[in-house]
Amino acid sequence: MTSLTLAGIRKRFGKVDVIRGVDLRVADGEFVVFVGPSGCGKSTLLRMIAGLEDISEGELRIGDRIVNEVQPAKRGVAMVFQSYALYPHLTVRDNMGFGLKVRGVPPHERRQRVEAAAATLKLDALLQRFPRELSGGQRQRVAIGRAIVGEPDVFLFDEPLSNLDAELRVHMRSEIASLHKRLGNTMIYVTHDQIEAMTLADKIVVLRDGQVEQVGTPRQLYERPGNLFVAQFIGSPKMNILPIEAVAGKLPGQPKTASLVGVRPEDLELTEPGSGFVDARILISEYTGASSLLHVQLPSGQVFLVAHDGEAPPADTSVGLAVEPGRLHFFADSGRRAD
Amino acid sequence: MPAKPTTGIVTQDASTPWLTLKMREAMEAWLFIGPTLAGFLIFFIGPLIAVVWYSMTEWNLLAQQATFVGLDNYDDALFRNPDFWLVVRNSVIFALGLVPFNMALALALAISLSRRFVGVVFFRTVFFAPVVTSAVAWAIVWKFLLQGEAGFVNQMLAHIGINGPNWLREPDWAMAAVIVTRVIKMVGLNMILYIAALQAIPRDYEAAARLEGASNWQIFRLVIWPLLGPTTLVIMVITTIGSFKVFDHIYLMTGGGPENGTLVLAFYIYKQGFEFFDVGYASALAMIMFVIVMVLTLVQLALRRRDT
Ligand SMILES: Nc1ncnc2c1ncn2[C@@H]1O[C@H](COP(=O)(O)OP(=O)(O)OP(=O)(O)O)[C@@H](O)[C@H]1O
Ligand SMILES: [Mg+2]
């Protein structure tokens, strides 16, 4: 059983509070993704779990143990670094076997385990190479291989794909997903790419300024974002937000406390002017192949994005915007979800 | 370029410069390296050739008279003059004492001073300051501190009940004293080189190794030390060469004594040339020293290449 529990975790660098009270439960075998804007403390939190940063306040449990004071190597975690951190003077084989070597695993067993890990990652042919002789994707795989060899209970990934080009990223993403399926370990994965978060996660933790904004499945975060920040952070293109006064008449399901309404570009439909919940004028339409992204201007002057399938009307056309009632998101003044 | 009316006759375009682009670039290149090259030829290659020539003459500065004697001077040094081998032995002892001591201390200091903590700049400055102080002042101060009974060092030792030797008057102690004071003077330079190299090593390597269970010693031995390899080689070469060339320090602290116990090669050459005015012999010694340093450097480079 390798669950993790973070209770009231805080981190201070000097006088700066970087992590400001994080409570979180990660179930055994769960794939959890930390996502949030740059500088929000994702890496710091991950490094605290690994033991590379000490915990200023709070309690961290891995399994049944409180590990606040346990050495990194004794926590049963392995980490894949954004920089890969492959030792440049060692071959792939020695890089992967490094942890076993320092732990005194005998050479023949080391060999077996390195080769087994190499086989699962299709690295067999590269074992004699040095990191400088590998492509980005291959280095990435070696870094993962090095983590696997130690047979950790928990895998930690810190933006492992951010140095790869777009195509390779999609590929490695699926490899990591299948690795998780095969090994079934608990994994914690840091990214600021919300597509990565959505596709990989069992559970997403959205962080901002060292605090958890919301925890939930990708679907929960997408369909019922708990506040404005999450609403705009998850989903691409961003959710449109409108003050409720700008809408003529009452919206279906509008709670009394709501002062803002949000609607995702992909939930908006174009209709005849006057027949939607608000009218708009088309400014630009960006053709992207599968669909078009329309920039439309509301009477209030605000610009909305609309993801539109099929033929896009020309610029300056007046249109109405319609939406299914269940697709509206209401937020109170405070930014919290209002329904 | 506007098209010219065609006459059917091919003439050379008037805008074609006298020199091709390539030639002009080459000329500019020579112009830029010219001054340095001239300086190199006049002040380095020139004297080197002169020394080779002098080394084959019997030339006494006082007599103002040079006679060609072939390899006689070399023969003298290598096979007839027992002083020479004593001096080589002293130089080797000096180098063997100084180089490892200097490097180990430099590395230890660099490791302690490569992290950030309050006062780190102060400590770095303290250890680097002797490098930029005058060698003369340094030697004179230490000579003073290391005096027999009245010397500061011995007075301090007396406080803790140790009866210090007369450092610069006993052959073995004198050698140890010149080595240690020289190391303290020069260690800051190597320390800075090591600090720069340590700071260039990404912190993730250490984190990764620690996470995999490596002890501090293992991290140093298996990750940091190998990555410092190129720096270590450079430091080893320059420190070795420097130790063979040491002159002012010895000249001022011991004058080669006592009983020639600190008479090293560079100082011996100086003595032959400028005290005994035997320029031919001194030149032959200089050539021998040149070869020794060259060979040492090549050996170190070769060792390094075999390692990687
Ligand atoms: N050693 C440190 N000393 C002081 N401040 C630090 C230290 N490490 C991180 N910080 C600060 O803590 C905050 C969080 O940093 P962290 O690296 O965890 O962000 P992140 O969410 O991983 O960002 P990114 O997406 O850019 O990697 C930042 O404001 C950073 O400046
Ligand atoms: Mg980060």
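Residues numbered from 1 in each chain as written. Chains lettered and ligands numbered in written order. Predicted model: local features only at pLDDT ≥ 70, side-chain atom pairs only at ≥ 80, totals over all residues. Heavy atoms only, no water.

### Some remarks on the sheet that holds strand 4 (residues 57-62) of chain A
All names here are of chain A. This is how the line gets drawn: A pair of strands is considered paired only if DSSP assigns at least 2 bridges between the two. Segments assigned H or I by DSSP are reported as helices when at least four residues long, segments assigned E as strands when at least two residues long, and all are numbered from the N terminus. Residue contacts are counted whenever heavy atoms from the two residues lie within 4.5 Å of one another. All axes here are fitted lines through C-alpha atoms, helices being fitted over the stretch that makes contact, and every angle between N-to-C directions spans 0 to 180 degrees.
Ordered by their spatial adjacency, four strands build an open sheet running 2-1-4-5, and the pairing between neighbours is antiparallel. The sheet is open, and its two edges are formed by strand 2 (16-26) and strand 5 (65-66), each paired on a single side. As paired strands, strand 1 (residues 4-13) and strand 2 are joined by eight bridges and run antiparallel to one another. In the sheet register, F13 faces strand 2, and the bridge partner there is V16. Its contacts with the sheet put helix 1 (residues 42-50) on strand 1, strand 2 and strand 4, and the angle it makes with strand 1 is roughly 115°.

### Some thoughts on the UniProt feature "transmembrane region" (unreviewed entry) in chain B
All names here are of chain B. To keep things clear, this is the line we draw: UniProt positions are given in the numbering used here, feature names are shortened, and annotations may be inferred rather than shown by experiment.
In the UniProt entry, the feature "transmembrane region" (unreviewed entry) is given for residues 29-54, 92-113, 125-145, 173-198, 219-244 and 281-303. As a span, residues 92-113 carries 100% helix and 0% strand, and end to end its C-alpha atoms are 31 Å apart. Between the first and last C-alpha atoms of residues 125-145 the distance is 22 Å; the span itself is 90% helix and 0% strand.

### Things to note about the pairing of strand 1 (residues 57-60) of chain B
Residue and element names in this part refer to chain B. Basically, it comes down to this: To sort residues, take the accessible area from a 1.4 Å probe on protein chains only and compare it with the maximum for the residue type: under 20% means buried, over 50% means exposed, and anything in between is partly exposed.
Residues T57 and W59 point to one face of strand 1 and are all buried, whereas E58 and N60, pointing to the other face, are not buried. In terms of strand pairing, strand 1 meets strand 2 (residues 65-68) through four bridges, oriented antiparallel. Looking at strand 2, one finds that T57 is bridged to F68. The hairpin turn running from strand 1 into strand 2, its antiparallel successor, is four residues long, and Q64 in that turn takes a positive phi close to 50°.

### Points about the UniProt feature "domain: ABC transporter" (unreviewed entry) in chain A
The sites that carry the UniProt feature "domain: ABC transporter" (unreviewed entry) are, in the present numbering, residues 4-234 of chain A. Helix makes up 37% of residues 4-234 of chain A and strand 26%, whereas the separation of the span's terminal C-alpha atoms amounts to 25 Å.

### Considerations on the side chain of B:T231
All names here are of chain B. Mapping T231 onto the fold places it in helix 10 (residues 229-244). For T231, a relative accessible area of 18% gives the class buried. Once residues within four sequence positions are removed from consideration, T231 is found in contact with L193, Y194 and A197.

### Overview of the site of ligand 1
All names here are of chain A. Here is the rule: We call a residue near a molecule or strand when any one of its heavy atoms sits within 4 Å of it. By the criterion applied in these results, polar contacts are pairs of N or O atoms within 3.5 Å in which, for protein atoms, one can donate a hydrogen and the other can accept it, and in which residues neighboring in sequence qualify only through two side-chain atoms. Residues are sorted three ways: Asp, Glu, Lys and Arg are charged, Ala, Val, Leu, Ile, Met, Phe, Trp, Tyr, Cys and Pro are nonpolar, and all the rest, Gly among them, are polar.
Around ligand 1, the neighbouring residues are F13, V18, S38, G39, C40, G41, K42, S43, T44, E159 and H192. For ligand 1, an oxygen atom lies 2.5 Å from a polar atom in the side chain of S38. The contact in question runs from an oxygen atom of ligand 1 to an N or O atom on the side chain of K42, over 2.8 Å. Looking at the shell around ligand 1 element by element, the count peaks at three residues for helix 1. Taken together, the residues that form the shell around ligand 1 break down as three nonpolar, six polar and two charged.

### What to know about the UniProt feature "domain: ABC transmembrane type-1" (unreviewed entry) in chain B
Here, the residues flagged by UniProt with the feature "domain: ABC transmembrane type-1" (unreviewed entry) are residues 88-300 of chain B. Note that residues 88-300 of chain B is 77% helix and 0% strand, and that its end C-alpha atoms are spaced 19 Å apart.

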